[in-house]
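Now for the letters of each chain:
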Amino acid sequence: MQKDNICVSIIMNCYNGGKYINEAIDSVLAQTFQDWELIFWDNQSSDNSAKILQSYEDERIQYYLSEKFTSLGEARNQAIMKSKGEFIAFLDCDDLWMLDKLEKQIPLFNDSKVGLVICDTYFFNEKGVFKQLYKKNKPPVGNVFSELLGEYFVSLETAVIRRTALNSLDHWFDPRFDVIEEYDLFVRLGFHWHLAYVNEVLAQWRVHRSSLTWSRSEIFPLERRLMLSKLMESIPDFDQTYANEIKRIERICFLEEAQIAWKEKRN
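Fair warning: this is a prediction, and the values are worked out from it, not measured in the lab. (Residues numbered from 1 in each chain as written. Predicted model: local features only at pLDDT ≥ 70, side-chain atom pairs only at ≥ 80, totals over all residues. Heavy atoms only, no water.)

Concerning the pattern of salt bridges
Note the following rule: Take a side-chain nitrogen of Lys or Arg and a carboxyl oxygen of Asp or Glu: if they are within 4 Å of each other, that pair is a salt bridge. Each residue is placed in one exposure class: buried if its accessible area under a 1.4 Å probe, protein chains only, is under 20% of its type's maximum, exposed if it is over 50%, and partly exposed if it falls in between.
With the rule as written, the count across this model stands at 14 salt bridges. For the salt bridge of aspartate 100 with lysine 104, the shortest nitrogen-to-oxygen distance reads 2.9 Å. Using a relative accessible area of 19% as the deciding quantity, one classes aspartate 100 as buried. The exposure class of lysine 104 is partly exposed, given its relative accessible area of 29%.

Quick look at the nonpolar core
Our working rule: Only buried Ala, Val, Leu, Ile, Met, Phe, Trp, Tyr and Cys residues count toward a nonpolar core, and they belong to the same one when joined by side-chain atoms within 4.5 Å. Segments assigned H or I by DSSP are reported as helices when at least four residues long, segments assigned E as strands when at least two residues long, and all are numbered from the N terminus. It only takes one pair of heavy atoms within 4.5 Å for two residues to be counted as in contact.
Counting residues in hydrophobic clusters, the biggest one holds 47 residues, and the most contacted among them are Leu149, Phe186 and Phe238. In terms of residue count, the dominant contributor to this core is helix 7 (residues 181-192) (five residues). Look past the residues within four positions of leucine 149 in its chain and what remains in contact with it is Tyr183, Val187, Met227, Leu228, Leu231, Phe238, Tyr242, Glu245 and Ile249. In terms of nonpolar packing, the next biggest core, distinct from the first, is built from 32 residues, Met12, Leu38, Tyr56 and Ala203 among them.

Overview of the packing of helix 7 against helix 9 (residues 220-234)
Formally: Orientation is described by axes fitted as lines to C-alpha atoms, over the contacting stretch for helices, and by angles from 0 to 180 degrees between their N-to-C directions. Working definition: roughly parallel below 35 degrees, roughly antiparallel above 145 degrees, roughly perpendicular at 65 to 115 degrees, and oblique for all remaining angles. Crossing handedness follows the turn of the near helix against the far one: under a right angle anticlockwise gives a left-handed crossing, and clockwise gives a right-handed one. All residues other than Ala, Val, Leu, Ile, Met, Phe, Trp, Tyr, Cys, Pro, Asp, Glu, Lys and Arg, Gly among them, are scored as polar; the first ten of these are nonpolar and the last four charged.
The interhelical angle for the contact between helix 7 and helix 9, taken along N-to-C directions, is 25 degrees, at an axis separation of 10 Å. One way to sum up the angle between helix 7 and helix 9 is to call them roughly parallel. The handedness of the crossing between helix 7 and helix 9 is right-handed. The segment helix 7 lies against helix 9, with Tyr183, Asp184, Val187 and Arg188 engaging Arg224, Met227, Lys230 and Leu231. Among the residues forming the contact of helix 7 with helix 9, the class breakdown is four nonpolar, no polar and four charged.

Observations concerning unusual backbone geometry
Positive phi is not limited to glycine here, since glutamine 44 has a value of about 65 degrees. With phi around 55 degrees, aspartate 237 is a residue other than glycine that occupies positive phi space. If you trace the backbone, aspartate 237 turns up in the loop between helix 9 and helix 10 (238-241).

Description of the side chain of lysine 101
Cut-off, in case you're wondering: Charged-residue counts in this description rest on Lys and Arg as positive and Asp and Glu as negative, His and the chain ends being excluded.
With respect to the element layout, lysine 101 can be found in helix 4 (residues 101-105). Buried charge without a partner: lysine 101 forms no salt bridge, and the closest opposite charge is glutamate 157, 8.5 Å away. Ignoring anything within four residues of it in the chain, the contact list for lysine 101 reads Gln31, Cys119, Glu157, Thr158, Ala159, Val160, Leu202 and Ala203.

Things to note about the packing of aromatic side chains
The following threshold applies: Only rings of Phe, Tyr and Trp enter the pairing, Trp through its six-membered ring, and a pair is recorded when the two centres are within 6.5 Å. The plane angle decides the type: under 30 degrees is stacked, over 60 is edge-to-face, the rest tilted.
What the rule picks out here adds up to eleven aromatic pairs. Between phenylalanine 40 and tyrosine 63, the ring centres sit 6.0 Å apart and the planes meet at 25 degrees, which makes this aromatic pair stacked. A residue pair is termed long-range when its members are at least 10 positions apart, and phenylalanine 40 in strand 2 (residues 36-42) and tyrosine 63 in strand 3 (residues 61-65) qualify at 23 residues. Taken together, a centroid distance of 5.0 Å and an interplanar angle of 75 degrees make the contact between phenylalanine 145 and phenylalanine 191 edge-to-face. Residue phenylalanine 145 is found in helix 5 (residues 145-150), and its partner phenylalanine 191 is found in helix 7; the two are separated by 46 residues along the sequence. Accessibility expressed as a relative area gives 32% for phenylalanine 191, which makes it partly exposed. Aromatic ring contacts, followed pair by pair, group Phe145, Phe191, Phe238 and Tyr242 into a single cluster.

Here you go:
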């Protein structure tokens, strides 16, 4: 029987991720920190994802099948609603954790101001590791709202969130977003809570062409502008206080739109 007082809830969202699920779950089972539950949210997969997941007999692993296919943001919210942990971590079914990830991140929450803890990560593909995210420049820590807004630097598989910090927001992941749902969430967290960082590579993010990041690039500028509109409505004098950050986001949007036009052979 599963206990109620769980330290870490690990959210794993899946849509036809059967190719990599075993590696992801095995990296959770190998954690040196063992006080966790895994919430596996199947967003109406049509492959063998459910069969693979249900082959695991560990009572800490819980499988949920969505009643219908939803946006990724809504799927993450539904999974979080099933969780009980004091802290929330994320590992998509194609990414990996190093065995001491949770052990090294959880202690940083001893600072009551910290709502989010991240670590370094490797980006890798079928050919191997090709980038270490923070190898040259370490991320800022503490009150990092303006930095997160102007140049988003968090990779989801590295993140652990204090539940009380998450619940302090008026909403979690915005279901209207398909590609920047985590950017929007962590920016809003950064406005109220501090960020802490473990200067070690404790995770790995898999890059592949079936990833939503690659397959739906045309909606990035649309969602970035919607996020700006939300922040303008919720933060007093947002457009004046963060004018430089807003200009940076607009430049990114224009560049993305130009790249899309070029790929579509439009002038």
